[in-house]
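Inside the fold
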Amino acid sequence: MTDRPALALRTRSSANLDPQKIIMVGILMLIVVAFTMATPKFLTYVNLVNVFMNIALILLTGSAATLLMIAGNFDLSVGSVVAFTGVMHALMSKYGVPTNISILLAALIGSLCGLINGTLVTRLKITPVIATLGMMYVARGGAFLVARADGGANIASGLPPDFQALGRATVGPVPIPLLLVALIVVIFAVIQNRTSFGRYAYAIGGNPVCAALSGVRSSRVVTILYVITGLLTGLSGAIFVSRIGTGVPRIGNGFEFDVIIAIVLGGTSIYGGIGSVTGTVIGALIVGFVANGLNLLDVQAFYQTVIKGFILVAAILLNRVIKEKVE
Amino acid sequence: MGAAMAKSGRVQVNSQLLVLIGILAFICLVFTFTTQSFLTVENLGNLVRSSAFVIVTGAGVTLLMISGNIDLSVGSVLALASCVYAFAAKTGMPVELAALLGALSGLAVGVINALTAVRWKVTPFIATLGTMYAVRGFVLIISDAKTVRGGLPPNFTFLDMTHLGPIPLAFFIVLVVILVFYAIEKKALLGKYSFAIGGNKTAAVLSGINADAVLIKLYLIVGFLAGLSGVMMCSRLAVGDQNVGVRFEFDVIIAVILGGTSLAGGKGSIIGMIVGALIVQVIGNGLNMLNVLSFWQSVIKGVLLVLAVVLNQALVRTKGR
Amino acid sequence: MAETLIEIQGLTKNFPGVMALRDVSFSIARNTVHCIVGENGAGKSTLIKILTGAQRKTSGSVTYNGKDWDPRSTGEAMKAGMSVLFQELNVVDQLTVEQNLTLGKEKSRFGFERRNEAQFALTVEALRSLDPGIGLQERVGNLSVAQRQVIEIAKAISSNSDLIVMDEPTAAISDEEVKRLFAIIRQLHERNVTVIYITHRLTEIFDIGDIVTVLRDGQMIETRSVRELSASCSDDEVEACSELIRMMLGKVVAERYVPREPPSGDPILEFSNVSSAKLKDVSFELRRGEILGFYGLVGAGKTEIARAIYGLDAITGTMRVKGRPRVFKNPRAAISAGIAMVPEERRTEGLLTKLTIRENITIMDMKPIKRFGFLSRVKERQLARSFIERVRIATTGEEQNVAKLSGGNQQKVVLSKCLNAASSILLLDEPTRGIDVGAKEEIHSLIRQLADGGAGIIVFSSELPEILNLCDRIVLLYNGSVRKTLKNGAEMDSHLIMQIVTDSTGSDARAQAG
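Residues numbered from 1 in each chain as written. Chains lettered and ligands numbered in written order. Predicted model: local features only at pLDDT ≥ 70, side-chain atom pairs only at ≥ 80, totals over all residues.

1. Comments concerning the overall build of chain A
Secondary structure summary: chain A contains 14 helices and two strands in total. Its C-alpha atoms give chain A a radius of gyration of 20 Å, within 12% of the compact-globule value 20 Å for 327 residues. Along the first, second and third principal axes, the C-alpha atoms of chain A reach 70 × 55 × 35 Å. For chain A, with 327 residues in total, the buried portion stands at 58%. Taking as baseline every contact in chain A between residues at least 6 positions apart, the subset at least 24 positions apart corresponds to 79%. (Helix = DSSP H or I, 4+ residues; strand = E, 2+ residues; numbered from the N terminus. Rg over C-alpha atoms; globule rule 2.2 N^0.38 Å. Buried ≥ 20, exposed ≤ 12 C-beta atoms within 10 Å, placed from the backbone. Contact = placed C-beta atoms within 7 Å.)

Quick look at the structure:
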């Protein structure tokens with residue numbers, strides 16, 4: 001065969017040399033450089049921590065959701081589940097459950113939501129769009145109902161003093177949530193590259209028929225992915241409410257789309273079979289930095305929504321163009 | 001396979017429709033007995049009025065989903081048309097013209113969708129997701145995140161206020177849309193081709209149908225109808241609210257799917273969509289009357305959606321196809 | 001003197017590494033039923049694709065209606081009056097019969113369908129004459145396969161097609177319906193429509209054909225009038241079919257078959273009176289170290305047997321693996337019991353086309369490459385490389401994407417995947433279809449090596465030379481049931497085999513085979 005550069009010949013799915021990722025990293029660096037030159041406030045410790053905290057929750061859920069998308073599925077309910085588990089966490093804390101246990105229970109509730117999603121998709125064979133859309137409605141309604149049942153629009157009073165610990169605590173200079181997210185991202189990178197489970201996800205998304213004939217238990221893998229996504233989303237919910245100090249059922253609006261954008265930007269295909277968690281990190285960073293930079297430059301917040309839309313479409317087109325060039 | 005059953009396509013769809021109408025009737029009955037004012041002219045009028053937006057947009061979305069595609073941007077278009085209408089009316093031009101401009105702004109979004117989803121072949125889910133974001137942001141920008149309130153002409157709400165007999169103009173618009181699209185679904189080439197493309201794209205293309213042209217038309221239509229709905233909503237609210245339409249796209253999709261349209265395309269009906277929209281509205285309306293928290297509606301919508309699809313699939317399976 | 005509709009001269013089609021058609025020349029007369037026969041891989045479908053615009057020719061000439069014919073698309077062919085009936089019927093299930101018949105040809109006013117009365121009358125008349133039992137307002141999805149075929153034919157007639165190509169039209173319909181189809185074809189003759197009829201069922205040629213062309217290995221062997229052929233065999237159908245078979249096979253020499261004595265012992269896999277949706281009372285045995293072949297035409301049931309073994313289809317009857325009765329609920333269970341399958345469709349069923357060679361080889365069984373529960377890159381690479389060497393996969397390395405390999409090398413990857421799962425029973429479904437001669441040889445010798453090493457191997461194939469070169473015993477299938485099981489050897493009568501699988505042995509042979 002000919003001597004062609006590694007980029008052109010090898011479209012490894014789990015590789016770190018995936019062309020789209022390289023382009024994205026390049027774009028990320030450009031953005032960082034541009035904003036650094038535009039304002040001195042950009043490259044400060046405080047600001048960077050801010051950015052990372054903003055994208056932390058996207059990455060927490062997004063790590064699992066990336067594998068889920070690689071396996072050919074996705075989850076539209078994560079925003080609502082964040083709200084629901086957040087409110088539940090606040091409720092439980094208010095009524096005497098030790099905060100740490102409450103956090104775990106919130107994660108558990110998230111897993112249950114994920115289990116329902118997974119069952120709907122794999123056993124009842126409902127398409128992921130509908131199944132998770134249904135869950136989105138139910139969880140959102142549930143969040144409001146729980147808050148209401150407690151007596152107000154939000155659960156704001158009667159929360160224990162350590163309620164905000166999770167969201168505000170730091171280890172040295174680094175906030176705990178960031179450590180957690182970093183850990184989770186690493187774990188998922190390992191799962192993706194170094195476990196049979198991760199390999200199965202790629203197989204199921206890329207060639208479901210071949211995967212089945214090769215003995216991969218698709219239903220099981222997909223359901224587990226939904227459960228894990230739910231679990232991490234539950235955790236996100238707990239972190240979110242602990243950061244703001246109140247159980248607000250309104251949070252997480254549009255969260256699912258932020259997650260999808262980060263994942264797609266990072267080179268994961270919505271059809272499945274291709275992608276990586278590290279790509280999602282880059283994608284989330286790009287979105288986070290763009291939002292942050294524009295904020296610092298006093299650009300109106302609504303422009304961000306417009307830009308998000310363009311970014312999403314551009315990402316897909318880029319994905320397609322690169323794929324065609326490589327072939 | 002054996003001898004074919006003497007059942008035509010119409011009969012089959014109709015049996016599903018009958019089930020739906022039965023469900024609607026049942027729910028209405030329940031509410032009639034459990035509340036005082038459900039079955040009043042005023043309440044029924046309200047019901048019809050609030051379903052109008054979903055029905056008008058849904059007419060186009062039904063055809064689009066029958067062809068196997070989707071449009072998530074209709075909610076943002078609703079807001080866009082609202083604001084465009086309000087702004088245009090403020091400038092002093094005749095309200096009818098302003099209303100037309102509002103609807104045309106929806107058409108413009110339809111053009112964008114047609115470009116990205118059909119021409120550039122970006123998968124419709126993502127393409128219209130992108131438009132949804134972009135348009136929503138755009139609306140916030142032009143409205144400066146403030147509801148357009150002051151300086152609106154007195155006949156701004158003409159769609160609701162102008163009456164022909166006891167019936168408001170808006171109602172006629174809805175009626176016309178229903179009639180036109182029912183006719184399209186049953187008798188026009190556009191309808192037939194939508195079914196063909198959704199049902200067996202290869203066969204459709206082999207028969208010489210220009211699938212891209214059909215899809216472009218459908219996206220334009222959906223955009224226009226969503227714009228029209230936006231104008232109607234704006235007229236009803238009497239202000240240009242830039243926050244309307246959040247999650248509207250899902251309300252429309254739920255109505256369409258409840259009405260028997262499959263996500264994969266190839267089957268569906270506008271009448272079914274109307275019944276579906278009514279079911280959702282009636283449930284909301286009745287629960288309101290019973291002082292049930294509106295948040296239960298969200299839960300119920302979710303369960304309904306999943307049930308509808310499960311039912312849909314079960315029916316398909318028992319027919320053996 | 002019938003005039004010529006299509007004149008084919010020196011038609012050649014090259015694919016990389018394979019010559020699908022080689023200097024084919026014959027003509028198709030107007031208003032005849034022209035049958036084309038040949039084994040799988042003889043070039044039938046390539047020929048049709050070139051005629052109807054789905055492929056471009058490499059060299060040679062084709063004239064249609066006297067003019068040069070080199071279509072760039074099927075649309076172009078359709079406009080010129082050609083209609084093709086594929087096995088996957090091109091009708092829209094959700095629309096009615098009438099809507100399907102007029103699809104793409106409607107007249108409209110302001111976008112609304114207006115009935116073109118003259119055209120419609122023609123269509124209705126065509127439909128009525130073909131099958132009066134089909135109602136115009138019936139949903140096509142509710143009709144049987146045969147009826148849907150009729151609709152496609154009616155559509156072709158009403159668009160004034162000069163030529164209708166039918167590709168294995170009788171594969172999925174009942175005997176009754178076949179008779180009706182033949183009546184329809186005779187009607188087409190009266191309408192001055194030319195029919196190209198592709199089939200494996202040789203008796204049909206004598207029922208319906210006027211001319212028959214035999215293709216073999218991409219070459220045109222003979223084109224003869226059916227009547228003349230029949231007469232030359234004293235009008236004995238069995239004889240005439242034999243003659244056709246002789247033309248289709250040429251000289252079949254099982255020269256590479258080396259007799260192997262399978263170790264006597266209990267069977268490693270056994271079917272006892274197994275039936276499924278398609279299979280009827282199938283029984284056979286497989287021993288260790290044996291290569292068992294299943295041979296039959298398209299639709300005979302080969303893939304169904306593979307699916308039954310692999311846990312993909314529900315069965316009645318008993319399947320015994322290593323002596324124990326087993327029921328597999330899914331492929332995973334079969335794989336755990338030591339059975340692995342190389343599926344029929346390489347690209348959609350056999351390979352993970354987005355992944356690398358290394359990732360494909362290991363997907364069926366990851367235990368060998370695990371260390372402390374995680375996948376060891378080192379072990380995986382070693383494993384992949386050892387297979388690449390052992391099986392001789394031509395590649396730049398284990399990191400190459402499988403989609404870029406040639407057909408033969410792709411199949412080697414699929415084989416490696418199964419070998420990695422350490423199976424004692426291998427199911428190979430059309431193992432060398434679409435693969436060049438060199439790679440075919442390599443794969444065959446690999447199969448023999450595996451059998452020598454003690455594996456039990458079942459080969460499902462529609463290529464007779466392959467079966468004869470490889471298999472120790474051969475099971476002949478027709479229409480879902482076993483017709484005969486033969487031991488391979490120097491006196492193998494490929495002729496008899498062909499007769500059995502084409503069901504053209506005549507009544508006594510059929511009763512004998514049972």
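2. Points about the overall build of chain B
The secondary structure content of chain B amounts to 13 helices and two strands. Here the C-alpha radius of gyration of chain B, 20 Å, is about what a compact globule of 321 residues would show, namely 20 Å. Each of the three principal axes of chain B carries a C-alpha extent, and together these read 70 × 55 × 35 Å. Out of the 321 residues belonging to chain B, those deemed buried represent 54%.

3. Digging into the packing of helix H3 (residues 74–90) of chain B against helix H11 (residues 248–258) of chain B
Residues and elements named next belong to chain B. Contact pair H3 / H11: the axes reach a minimum separation of 6 Å and the direction vectors enclose 125°. Compared by their axis directions, H3 and H11 come out oblique. Contacts between H3 and H11 pair Val74, Gly75 and Leu78 from the former with Phe248, Glu249 and Val252 from the latter. Residues that form the contact of H3 with H11 fall into these classes: four nonpolar, one polar and one charged. (Axes fitted to C-alpha atoms, helices over the stretch in contact; angles between N-to-C directions. Parallel < 35°, antiparallel > 145°, perpendicular 65-115°, else oblique. Nonpolar A, V, L, I, M, F, W, Y, C, P; charged D, E, K, R; others polar.)

4. Notes on the environment of Gly198(B)
All names here are of chain B. Tracing the backbone shows Gly198 in helix H8 (residues 189–199). Residues Gly198 and Leu64 lie 134 residues apart in sequence; the distance between their C-alpha atoms is 9.1 Å. If near-sequence neighbours (up to four positions away) are discounted, Gly198 is found in contact with Ile66, Ser67, Gly68, Gly265 and Gly266.

5. Focus: the interface of chain A and chain B
The interface is formed by 35 residues belonging to chain A together with 34 residues belonging to chain B. The set of elements that each furnish at least two residues to the side of chain A that touches chain B consists of helix H6 (128–149) and helix H14 (302–326) of chain A. In terms of residue count, H6(A) provides more of the side of chain A that touches chain B than any other element does, 15 residues in total. Tallied by class, residues from the side of chain A that touches chain B come to 23 nonpolar, eight polar and four charged.

6. Concerning the interface of chain C and chain B
On the side of chain B, 28 residues touch chain C, which itself brings 27 residues to the contact. Secondary structure elements with two or more residues in the side of chain C that touches chain B: helix H2 (74–79), strand E8 (112–114) and helix H5 (145–158) of chain C. In terms of residue class, the side of chain C that touches chain B is built from seven nonpolar, 15 polar and five charged.

7. Regarding unusual backbone geometry
Trans peptide bonds make up the majority, and among non-glycine residues the majority have a negative phi. Residues and elements named next belong to chain C. Unlike most non-glycine residues, Phe372 shows phi in positive territory, near 55°. Tracing the backbone shows Phe372 in the loop between strand E19 (370–371) and strand E20 (374–375). A positive phi is found at Glu430, a non-glycine position, where the angle reads about 50°. Take Glu430: there are 23 C-beta atoms within 10 Å of it, and that puts it in the buried class.

8. Digging into the pairing of strand E18 (residues 339–342) of chain C
All names here are of chain C. The two faces of E18 match: Ile339 and Met341 on one face and Ala340 and Val342 on the other face are all buried. Pairing of E18 with strand E21 (residues 425–429) involves four bridges; the strand directions are parallel. Bridged to Val342 within E21 is Leu428. (Pairing = 2+ DSSP bridges.)

9. Concerning the sheet that holds strand E11 (residues 211–216) of chain C
Residue and element names in this part refer to chain C. Strand order in the open sheet made by the six strands is E6-E9-E10-E3-E11-E12, with mixed pairing throughout. Each having just a single partner strand, strand E6 (82–85) and strand E12 (219–225) make up the two edges of the open sheet. With direction set aside, neighbouring strand axes in the sheet form an average angle of 15°. Sheet topology note: the E6/strand E9 (residues 163–167) ladder contains four bridges and is parallel. By the bridge assignment for E9, Met82 is matched with Leu163. Helix H9 (residues 237–249) contacts strand E3 (33–37), E11 and E12 of the sheet and is inclined by roughly 35° relative to E11.

10. Structural notes on the pairing of strand E16 (residues 316–321) of chain C
All names here are of chain C. Judged from the five bridges that link them, strand E13 (residues 269–275) and E16 form a sheet pairing that is antiparallel. Bridged to Ser272 within E16 is Thr318. Across two bridges, E16 lies against strand E17 (residues 324–325) in antiparallel orientation. By the bridge assignment for E17, Val321 is matched with Arg324. Linking E16 back to E17 in an antiparallel pair, the connection comprises two residues, with Lys322 at a positive phi of about 50°.

11. Concerning the environment of Ile126(B)
Within the secondary structure layout, Ile126(B) lies in helix H5 (residues 124–142). Overall, the presence of 21 C-beta atoms within 10 Å leaves Ile126(B) in the buried class. For Ile126(B) and Met232(B), which are 106 residues apart along the polypeptide, the C-alpha to C-alpha distance reads 28 Å. Beyond its immediate sequence surroundings of up to four residues, Ile126(B) is in contact with Ile270(A), Leu312(A), Val313(A) and Ile316(A).

12. Re the sheet that holds E17(C)
Taken in spatial order, the four strands line up as E14-E13-E16-E17 (chain C) in an open sheet, and their pairing is antiparallel. Across the chains shown, the open sheet's two edge strands, defined by having one partner strand only, are strand E14 (282–286) and E17 of chain C.

13. Section: the packing of H8(B) against helix H10 (residues 211–237) of chain B
Residues and elements named next belong to chain B. Their axes nearest at 10 Å, the elements H8 and H10 cross at an angle of 115°. The handedness of the crossing between H8 and H10 is left-handed. Residues Leu190, Tyr193, Ser194 and Ile197 of H8 touch H10, and the partners they reach there are Ala211, Val214, Lys217 and Leu218. Split by residue class, the contact of H8 with H10 holds six nonpolar, one polar and one charged. (Left-handed = near helix turned anticlockwise from the far one by under 90°.)

14. So, helix H7 (residues 169–187) of chain B
Residues and elements named next belong to chain B. Taking 1.5 Å of rise per residue, the 19 residues of H7 would be expected to cover 27 Å, and the 27 Å separating its terminal C-alpha atoms lies within 8% of that figure. When we look at burial in H7, the residues that qualify are Ala170, Val174, Val177, Phe181, Ile184 and Glu185. Each buried residue of H7 sits inside an arc of 95° when the element is viewed along its axis, so together they form one side. Opposite its buried face, H7 presents the exposed residues Val176 and Leu179, each directed more than 90 degrees away. (Expected span 1.5 Å × (residues − 1). Arc of directions from axis to C-beta.)

15. A short note on the confidence of the model for chain B
All names here are of chain B. Within chain B, residue pLDDT values average 84, and 94% of them lie at 70 or more. Counting contacts from residues 1–12, a segment whose pLDDT is below 50, to residues more than four positions away or on other chains yields 21 contacts. Scoring of the predicted complex yields 0.83 for pTM and 0.84 for ipTM. (pLDDT = per-residue confidence, 0-100.)

16. Things to note about the environment of Ala71(A)
Counting through the fold element by element, Ala71(A) comes out in the loop between helix H3 (45–70) and helix H4 (78–94). With near-sequence residues (within four places) excluded, Ala71(A) lies in contact with Ala201(A), Ile204(A), Gly205(A), Val221(A), Val222(A), Leu225(A) and Gly272(A).

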